Amino acid sequence: MNDETETLPGELREEIRARVFGPGFIRLTQTLAREGKPFRISLRPVRLKGQALFQAEMRDGAQAQTRNLSEPAARKGLEEILAQRGKRELHLVTAEGDLHVRVTKKGRPLVSRGKPKAAGAPPPADHDRAKRQPLTDFDATPLLRVLGIAADDGAIRASMRGKYDQVNALLRAVEPLLPEAPPPTFTVVDCGCGKAYLTLALQRFLTLAKGWPDVRVLGIDRNPDVVAAARAQAQALGVGEAVTFQAAEIAAAEWPQTPDLVMSLHACDTATDDALIAAVRTKAARILCVPCCQHELHHALVGGGPMRAVLRHGILRERLADLLTDTFRAQVLRICGYRARVMEFVSPEATGRNLLIRAERGLRPGLGEAVAEYRALCGFWGVRPYIGRLVPDDDAP
């Protein structure tokens, strides 16, 4: 194959140069494979101490490196991007519209263009102030359109901006749980998947941004109508075989053997516990849980000792019950052999239910100290929480 068939046509390269260093430039991303691992490099404008610069991020498999470049250095870097050969994808976002170039194995560039997303370009981001948005790591426009987050022209709907930010936040929360090297197959179960925003977004993110070869996701929801709509969305994206759905209760669903990741996002009340119980019993390697409404302990609290006065006030009793419910969940996960961490994943202004439990299997199950703390907490408040069915009684083996 000669050089001309492997490099981009001269006119196309000139257009990319002009748009990257012209007004309205937002982001340039190129993705390819190196030694079987995904390699992605992106370039975007930033402002550091009042100076206009370009930020380059290179992600080689699980390794990431970021540099801030002057315009001459950025021009040199762009030439290196344009000089790449072989199968690859280049995605350019500007105020004038998107440019997407997919280069086939034979070196043929397939070019598509998108309409402007908004009038005018946003100013360069202040360095390190804006959080990274994983949905910009790949061409997410088809996904966002199917989910109804973006309009036909690719612009994020004003009414869906909160959902867009929430999906990005959840993808950021998932990343620390992911293995460093792309596994041959990665299996996810999404309990109470609802409209499948994260179900589909995670599969597309791991496949297109991370370059993982085989990502399988099972969404479970008790509402047959919601499941039918989610299946239609997966078919529209061409991932109907990789992303499947079951209309069933979480505890009654047919689970894959030993999932790599179990998610439960805003599953109501004890449905969150059903997801955690199923995850533990199938020995899932990783768990990501965002609890929703929590009613189980609200009327069950009877103890409290010197803290019993808190229970006389409805709002304080409700907040205490929420706090204790998630404390029990994290503690039982620890007993069952998981390193659990509780954190906020978005600001309270975005959603009141912004607590996230992230857990990874790796401890010895049944640690005596953890069991003792759990039983002492149960005794202090006079409760046996739903999640406690994972903890054997004193006389159990």
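Relevant structure appears above.
Everything numeric in this text was worked out from a predicted model, so none of it was measured.

Peer 1: Tell me about the overall build of the chain, and name the residues and values.
Peer 2: The helix and strand inventory of the chain stands at ten helices and 15 strands. Counting over 397 residues, the chain shows a buried share of 49%. Excluding contacts between residues fewer than 6 apart, the proportion of contacts in the chain whose partners are at least 24 apart in sequence is 65%. With an accessible surface of roughly 19,700 Å², the chain has 51% of that area assigned to carbon and sulfur atoms.

Peer 1: Outline the side chain of Q203, supporting the account with residue identities and numerical values.
Peer 2: As for its placement among the helices and strands, Q203 is situated in helix α6 (residues 197–209). Owing to a relative accessible area of 4%, Q203 belongs among the buried residues under this scheme. Only 3.0 Å separates the side chain of Q203 from the side chain of R204, close enough to count as a polar contact. With near-sequence residues (within four places) excluded, Q203 lies in contact with V215, V217, V239, A242 and V243.

Peer 1: Residue-level account of the sheet that holds strand β13 (residues 286–290), with values.
Peer 2: Within a sheet, neighbouring strands are paired by backbone hydrogen bonds and run either parallel or antiparallel to one another. The seven strands are arranged β11-β10-β9-β12-β13-β15-β14 in an open sheet whose pairing can be described as mixed. Each having just a single partner strand, β11 (243–247) and β14 (338–344) make up the two edges of the open sheet. Adjacent strand axes in the sheet meet at a mean angle of 15 degrees when their direction is disregarded. As defined by bridge partners, strand β9 (residues 186–191) adjoins strand β10 (residues 215–221) across six bridges and the pair is classed as parallel. When the bridges of β10 are listed, T187 appears paired with R216. This element, helix α7 (residues 224–236), spans β10 and β11 of the sheet and lies at about 170 degrees to β11.

Peer 1: Can you tell me about the layout of surface pockets, naming the residues and giving the values?
Peer 2: The computed volume of the second largest pocket comes to approximately 630 Å³. Considering the residues around the second largest pocket, the lining is formed by 24 residues, among which T31, L32, E89, T207 and L208 are closest to the centre. When residues of the lining of the second largest pocket are traced back to their parent elements, those giving at least two are β1 (25–34), β2 (37–48), β5 (88–94), β6 (97–103) and α6. When its residues are assigned to classes, the lining of the second largest pocket shows nine nonpolar, eight polar and seven charged.

Peer 1: Break down the packing of aromatic side chains for me, citing the residues and quoting the values.
Peer 2: As enumerated under the stated definition, the model contains six aromatic pairs in all. Summarising the aromatic geometry, the rings of F186 and W212 are spaced 5.0 Å apart at their centres and angled 70 degrees between planes, so their arrangement reads as edge-to-face. Of this pair, F186 sits in strand β9 while W212 sits in the loop between α6 and β10, and the two are 26 residues apart along the sequence. The pair formed by F186 and W212 is uniform in burial state, with each residue classed as buried. Seen from their ring centres, F380 and W381 are 5.2 Å apart, and the 85 degrees between their planes marks the pair as edge-to-face. Here the aromatic cluster, defined as three or more aromatic residues joined through ring pairs, consists of F21, F25 and F54. Stacked on the ring of F21, the Lys or Arg R75 has its end atom at 4.1 Å from the ring centre. Its guanidinium or amino end placed over the ring of Y386, R389 lies 3.8 Å from that ring's centre, counting from NZ or CZ.

Peer 1: Tell me about the pairing of strand β15 (residues 355–361), and please be specific about residues and values.
Peer 2: The pairing of β13 with β15 spans four bridges and is classified as antiparallel. The residue of β15 that forms the bridge with R286 is E360. Note that β14 and β15 share seven bridges and pair antiparallel. When the bridges of β15 are listed, R341 appears paired with R358.

Peer 1: Let's hear about unusual backbone geometry: which residues, and what values?
Peer 2: Of note in this structure, A196 is not a glycine but carries a positive phi near 65 degrees. You can see A196 is positioned in the loop between β9 and α6. Backbone geometry places T258, a non-glycine residue, at a positive phi of 50 degrees. As for its position among the elements, T258 is in the loop between β11 and β12 (261–265).

Peer 1: Would you mind going over the pairing of β2 in detail, with residue names and values included?
Peer 2: In summary, the side chains of a regular strand alternate between the two faces of the sheet. Counting buried residues in β2 gives nine out of twelve residues, a clear majority hidden from the surface. The sheet contact formed by β1 and β2 spans seven bridges and is antiparallel. In the strand pairing of β2, Q30 is matched with I41. Two successive antiparallel strands, β1 and β2, enclose a turn made up of two residues, where E35 displays a positive phi of approximately 50 degrees. With ten bridges connecting them, β2 and strand β3 (residues 51–60) associate as antiparallel partners. Bridged to L48 within β3 is Q51.

About the cut-offs
- Residues numbered from 1 in each chain as written.
- Predicted model: local features only at pLDDT ≥ 70, side-chain atom pairs only at ≥ 80, totals over all residues.
- Heavy atoms only, no water.
- Helix = DSSP H or I, 4+ residues; strand = E, 2+ residues; numbered from the N terminus.
- Buried < 20%, exposed > 50% of the residue type's maximum accessible area, 1.4 Å probe, protein only.
- Contact = heavy atoms within 4.5 Å.
- Areas by Shrake-Rupley, 256 points an atom, 1.4 Å probe, with all protein chains shown as cover.
- Polar contact = N/O pair within 3.5 Å; in protein donor to acceptor, adjacent residues only side chain to side chain.
- Pairing = 2+ DSSP bridges.
- Axes fitted to C-alpha atoms, helices over the stretch in contact; angles between N-to-C directions.
- 1 Å grid on protein atoms, 1.4 Å probe; cavity = no way out; pocket = protein on both sides within 12 Å on 5 of 7 lines; lining within 4 Å.
- Points joined across faces, edges and corners; volume = space filled by probe spheres on them.
- Nonpolar A, V, L, I, M, F, W, Y, C, P; charged D, E, K, R; others polar.
- Phe/Tyr/Trp six-rings, centres within 6.5 Å; stacked < 30°, edge-to-face > 60°.
- Lys NZ or Arg CZ within 6 Å of the ring centre and 35° of its normal.

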